[in-house]
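Coordinate analysis (summary)
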Amino acid sequence: MKTEQYIENYLKETELIAKHLPREGIAKAVELLKNIKGQGGRLFVLGVGGSAANASHAVNDFRKIAGMETYAPTDNVSELTARTNDEGWDTTFSEWLKISRLNEKDGILVFSVGGGSEFASPNIVSALRLAKERKAAVISIVSKDGGYAGQVSDACMLIPVADGRRITPHAEGWQGILWHLMVNAMAEEQKKETEDNGEDTESGWPGLRGYSKWI
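Here goes a summary of the coordinates provided. Residue positions are given per chain, counted from 1 along the sequence in the order it is written. Only residues with pLDDT of at least 70 get local features here, since the model is predicted, and only at 80 or more are side-chain atom pairs given and counted; chain-wide, interface and lining totals rely on the full set of residues. Side-chain measures were taken over the full set of non-hydrogen atoms in the model, leaving aside hydrogen atoms and water.

**Here's the deal with the overall build of the protein**
For clarity, the cut-off: Counting from the N terminus, the helices are the DSSP runs of H or I reaching at least four residues and the strands are the DSSP runs of E reaching at least two. Throughout, radius of gyration means the C-alpha value; the globule benchmark is 2.2 Å times the number of residues raised to the power 0.38. A 1.4 Å probe and the Shrake-Rupley method give the accessible areas. Residues count as covered only by the protein chains that appear here. By the counting scheme adopted, Arg and Lys are positive, Glu and Asp are negative, and His together with the chain ends is not counted. Where a charge sits is defined by one atom per residue type, namely NZ (Lys), CZ (Arg), CG (Asp) or CD (Glu).
Secondary structure assignment for the protein yields 9 helices and 5 strands. Since a compact globule built from 215 residues should have a radius of gyration of about 17 Å, the 18 Å found for the protein is in line with a globular shape. Projected onto its principal axes, the C-alpha positions of the protein cover 55 × 50 × 30 Å. Put simply, the protein shows about 11,200 Å² of open surface, and 51% of that area lies on carbon and sulfur atoms. Of the side-chain charges in the protein, 25 are positive and 30 negative, and the distance between the mean point of each set is 1 Å.

**Re the pattern of salt bridges**
To be explicit about the condition: Definition used for salt bridges: Asp or Glu carboxyl oxygen within 4 Å of a side-chain nitrogen of Lys or Arg.
For the coordinates displayed, the defined rule picks out 11 salt bridges. Put simply, Glu13, Asp163, Arg165 and Arg166 are held in one network by salt bridges that share partners.

**Here we look at the environment of Thr74**
To keep it simple, the criterion reads: Remark: exposure states derive from per-residue accessible area (1.4 Å probe, protein chains only) relative to the maximum for the residue type, with buried under 20%, exposed over 50%, and partly exposed in between.
Considering the arrangement of structural elements, one finds Thr74 in the loop between strand S2 (70–71) and helix H4 (77–87). Judged by its relative accessible area of 16%, Thr74 falls in the buried class. Considering only alpha carbons, one finds Thr74 and Tyr6, 68 residues apart in sequence, at a separation of 34 Å.

**Section: the pairing of strand S1 (residues 43–47)**
Regular strands show a simple pattern: their side chains alternate between the two faces of the sheet. The condition is simple: By this definition, two strands are paired if DSSP reports at least two bridges between them.
Counting buried residues along S1, 5 of its 5 residues qualify, which places the element largely inside the surrounding structure. Here S1 shows two buried faces, one formed by Leu43, Val45 and Gly47 and the other by Phe44 and Leu46. Sheet analysis places S1 next to S2, joined by 2 bridges and oriented parallel. Paired with Leu43 across the bridge in S2 is Thr70.

**Some thoughts on the sheet that holds strand S3 (residues 107–111)**
Which entries qualify depends on this criterion: The contact criterion used throughout is that any non-hydrogen atoms of two residues lie within 4.5 Å. Every angle, taken between N-to-C directions, lies between 0 and 180 degrees, and every axis is a line fitted to C-alpha atoms, over only the stretch in contact when it is a helix.
Pairing is parallel in the open sheet, where 5 strands are placed in the order S2-S1-S3-S4-S5. The sheet is open, and its two borders are formed by S2 and strand S5 (155–158), each paired with just one other strand. When S1 meets S3, the two strands line up parallel, connected through 5 bridges. Bridge pairing in S3 links Gly47 to Phe111. On top of the sheet, helix H5 (residues 92–99) reaches S1, S2 and S3; it is set at about 165° to S1, its chief contact.

**Overview of the packing of H5 against helix H6 (residues 122–133)**
Stated formally: Residues are grouped as follows: Ala, Val, Leu, Ile, Met, Phe, Trp, Tyr, Cys and Pro are nonpolar; Asp, Glu, Lys and Arg are charged; every other residue, Gly included, is polar.
Two elements in contact, H5 and H6, have axes whose closest approach is 6 Å; the angle formed by their N-to-C orientations is 35°. Taken together, the residues of H6 that come into contact with H5 (itself represented by Thr92, Phe93, Ser94, Leu97 and Lys98) are Asn123, Ile124, Ser126, Ala127 and Leu130. Partitioning the contact of H5 with H6 into residue classes produces 5 nonpolar, 4 polar and 1 charged.

**Notes on H6**
Let me state the cut-off plainly: In this scheme, a helix's expected span is set at 1.5 Å multiplied by one less than its residue total.
Helix length check: H6, at 12 residues, gives a terminal C-alpha distance of 17 Å against a target of 16 Å (1.5 Å per residue), a fit within 8%. Considered for burial, the residues of H6 that qualify are Pro122, Asn123, Ile124, Val125, Ala127, Leu128, Leu130 and Ala131. In the core, the buried residues of H6 are packed alongside S1, H5, S3, strand S4 (137–142) and helix H7 (147–152). Within two residues after H6, Lys135 carries a phi angle of roughly 65°, on the positive side.

**A look at the packing of H4 against H5**
This is how it is decided: Here is the rule for handedness: rotate from the far helix to the near one, and if that takes an anticlockwise turn smaller than a right angle the crossing is left-handed, while a clockwise turn gives right-handed.
It is at 9 Å that the axes of H4 and H5 come closest, and there the two elements cross at 115°. As for the relative orientation of H4 and H5, their crossing is right-handed in sense. Contacts between H4 and H5 involve Glu79, Leu80, Arg83, Thr84 and Glu87 from the first element and Thr92, Phe93, Glu95, Trp96 and Ile99 from the second. A per-class count over the contact of H4 with H5 returns 4 nonpolar, 2 polar and 4 charged.

**Observations regarding the nonpolar core**
Convention followed: Here, nonpolar core refers to any group of buried Ala, Val, Leu, Ile, Met, Phe, Trp, Tyr and Cys residues whose side-chain atoms link them within 4.5 Å.
Within the largest apolar cluster, 31 residues are counted, with the highest numbers of intra-cluster contacts made by Leu33, Phe62, Phe111, Ile139, Met157 and Met182. Residues Val110, Ile124, Tyr148 and Ala149 belong to the second largest nonpolar core, which totals 21 residues.

**A closer look at the pairing of S3**
With 5 of 5 residues buried, S3 lies mostly within the body of the structure. The alternating pattern of S3 places Gly107, Leu109 and Phe111 on one face and Ile108 and Val110 on the opposite face, and all of these are buried. By the bridge criterion, 5 bridges tie S3 to S4 in an arrangement that is parallel. In the sheet register, Ile108 faces S4, and the bridge partner there is Val138.

Such coordinate-based values are descriptive only and should not be taken to indicate function.
Structure (structure tokens):
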């Protein structure tokens, strides 16, 4: 296959995925995130491999743009590798969450291609079981059949499979699109609330300072 044809196929698959994304799941996820933030809860973003890199980026955006206290256990490689070495991979996330005192005000956001199972990403499964026990909200962005995360999430955004040969790149790419969507949806609402209160967004909302100069 020529490069030009591969590009065309990939972008057509992207269009197909965009058309069939679960809008209701996205909207519910945003509402859950706003509720977590509103009650003073924290967001913990879980991912493995490329999804762990996305988790780190998402933490920055939720904190800086959405003003939400957010963490990813994979950002501390020393603790992650110590737990893996001493206790095993399966509990790396759940034990980290116990130390962080995960509770009913908090939320878990899962980035995972398969959604976790006993055989793939069992540390995600263990973390989600703890989250359900402690009544924390669970949000997920997953693909394939959703896996364990898809089964137990309060809001699940299932990335459709457009081509079985490219499940992972599409899934991980759409993680980025969807977390950016959610972060900016929260930021826009914050901006609107500020404007409704008669405050000057140029000086009152750091996320928009100087923005109008560039558009």
